[in-house]
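# What the coordinates show
These are the residues of each chain, in order.
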Amino acid sequence: MNEKIIELFERHPNEFLSGEQLSEKLNCSRTAIWKHIEALRQQGYRFEAVSRKGYRLIAKPDRLDVGRLSASLSTKAMGRTIRYIDEADSTQNVLHRLAEEGAEEGTLVIAERQTAGRGRMGRGWHSPKGKGIWMSLLLRPRVPLHFTPQLTLLAAVALCRAIRGATNVDAGIKWPNDLLANGKKISGILLESKAEDERLKYIVAGIGISANLEPDDYPEELQDKATSLFIESGRPVDRAALIAAFLHEFEVLYSLFHEQGFAPVRMMWEALSVSLHRTVRCQMPNGYVEGVAESIDDSGALTVRVASGERVKVYSGDVELR
Ligand code: BTN
């Protein structure tokens with residue numbers, strides 16, 4: 001019954017529904033409706049109640065519904081074991097520990113909040129409570145260590161496809177694996193690998209998606225660089241549905257990668273890229289390189305044609321779109 005009540009409110013966003021309307025539609029007494037609304041309030045739903053108008057749903061609980069997420073998975077391995085925590089320093093740290101204890105491929109750690117979320121190149125990752133998707137996925141790929149950059153690009157393709165499918169946000173990939181919407185960052189990916197004697201043991205793939213953050217949730221220094229799916233689409237994101245979509249896309253591409261190598265993923269990456277055929281400025285260990293981003297190669301490196309016509313390969317770092 002609680003689910004039916006929420007469904008009704010979701011079909012009438014921002015509208016008041018009276019106790020009478022609800023009891024007629026759901027075929028139960030007004031007292032029963034009142035009791036269910038109170039039970040939903042206990043679960044974190046917030047209703048505005050106005051006499052003679054009824055109830056209006058104003059906020060949903062900010063906890064991820066892990067039961068619904070697990071039930072909706074279409075994958076064989078990815079996300080089949082989920083560790084859901086309220087607060088972590090970083091989901092990367094939690095999953096590294098589980099990996100060392102022998103956790104299986106596809107194990108997923110999700111936190112509602114991170115106190116020391118980390119990004120690429122030693123940066124931090126802003127991870128406020130209940131608004132985003134802060135998660136790490138364990139991979140035990142059967143490929144040599146130097147294939148890791150390709151998996152980074154694969155993760156970006158999977159995420160971009162999931163976002164485009166689950167929301168109306170026109171996300172694109174900025175090399176190597178930032179997702180942008182309207183030129184601002186909506187998501188970041190951080191792959192950390194563990195090797196022994198040059199052999200790849202496992203990869204912890206960290207994914208941060210700014211799902212339901214509102215403008216005030218960003219510190220000032222991020223306000224003109226970062227955005228969220230909610231800000232871009234004007235609609236709250238169903239985080240469980242987006243995670244399930246990502247895991248599905250990821251698993252399909254991951255199998256394809258093991259069967260056919262990087263070529264199909266590379267083509268998809270190029271089709272979703274917002275960096276190619278643009279002038280870019282890349283920070284290199286010994287200064288900047290500026291030129292037109294032409295393509296990515298089989299190792300995932302970006303080829304940039306500089307003014308002299310020379311082609312320079314960029315293997316890591318950041319690019320700025322000009
Ligand atoms: C970046 O763009 O710099 C990568 C950001 C990666 C953030 C995610 S959030 C979940 C996981 N845990 C972390 O501490 N970082 C990654």
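As a starting point, this report considers the structure included with it. (Residues numbered from 1 in each chain as written. Predicted model: local features only at pLDDT ≥ 70, side-chain atom pairs only at ≥ 80, totals over all residues. Heavy atoms only, no water.)

## Digging into the site of the ligand
In plain terms, the rule: Near residues are defined by distance, with any heavy atom within 4 Å of the molecule or strand qualifying the residue. Nitrogen and oxygen atoms within 3.5 Å of one another constitute a polar contact, given that in protein one can donate a hydrogen and the other can accept it, and given that sequence-neighbouring residues count only through two side-chain atoms. Strands here are runs of E lasting at least two residues and helices are runs of H or I lasting at least four, both read from the DSSP assignment and numbered beginning at the N terminus. Put simply, Ala, Val, Leu, Ile, Met, Phe, Trp, Tyr, Cys and Pro go in the nonpolar bin, Asp, Glu, Lys and Arg in the charged bin, and everything else, Gly too, in the polar bin.
In the neighbourhood of the ligand, 20 residues make up the surrounding shell, with S90, Q114, R118, R120 and K185 lying closest. With respect to the ligand, the side chain of K185 contributes an N or O atom lying 2.6 Å from an oxygen atom. For the shell around the ligand, the secondary-structure elements that each account for two or more residues are α5 (91–100), β5 (133–139), β8 (184–196) and β9 (199–209). A total of 4 residues in the shell around the ligand trace back to one element, the largest contributor, which is β8. Looking at side-chain class alone, the shell around the ligand contains 6 nonpolar, 10 polar and 4 charged residues.

## Structural notes on the pattern of salt bridges
Applied cut-off: Salt bridges, as used here, are contacts in which a Lys or Arg side-chain nitrogen is within 4 Å of a carboxyl oxygen on Asp or Glu. Under the scheme applied here, a residue whose accessible area is under 20% of the maximum for its type counts as buried, over 50% as exposed, and between as partly exposed, the area being computed with a 1.4 Å probe on protein chains only.
Using the criterion set out here, one finds 28 salt bridges in the structure. For the salt bridge of E48 with R56, the shortest nitrogen-to-oxygen distance reads 2.7 Å. When its relative accessible area of 19% is taken as the criterion, R56 is described as buried. A salt bridge links K131 to D217; the shortest N-O distance between them is 2.9 Å. Taken together, the positions of K131 in the loop between β4 (108–114) and β5 and D217 in the loop between β9 and α7 (229–233) put the pair 86 residues apart, joining distant regions of the chain. Counted as one network, the salt bridges with shared partners bring together E100, K194, E196 and K201.

## Regarding the sheet that holds strand β12 (residues 302–306)
Convention followed: Paired strands are those between which DSSP finds at least two bridges. In this analysis an axis means a line fitted to C-alpha atoms, helices contributing only their contacting stretch, and an angle means the value between N-to-C directions, from 0 to 180 degrees.
Reading across the sheet, the 5 strands line up as β13-β12-β11-β10-β14 and stay open at both edges, with antiparallel pairing between neighbours. Two strands lie at the open edges of the sheet, namely β13 (311–314) and β14 (319–321), each paired on one side alone. Strand-to-strand twist across the sheet, computed as the mean angle between neighbouring axes with direction ignored, equals 45°. Relative to β13, β12 is paired through 4 bridges, and the arrangement is antiparallel. Its bridge partner being in β13, V304 is matched across the sheet by V312.

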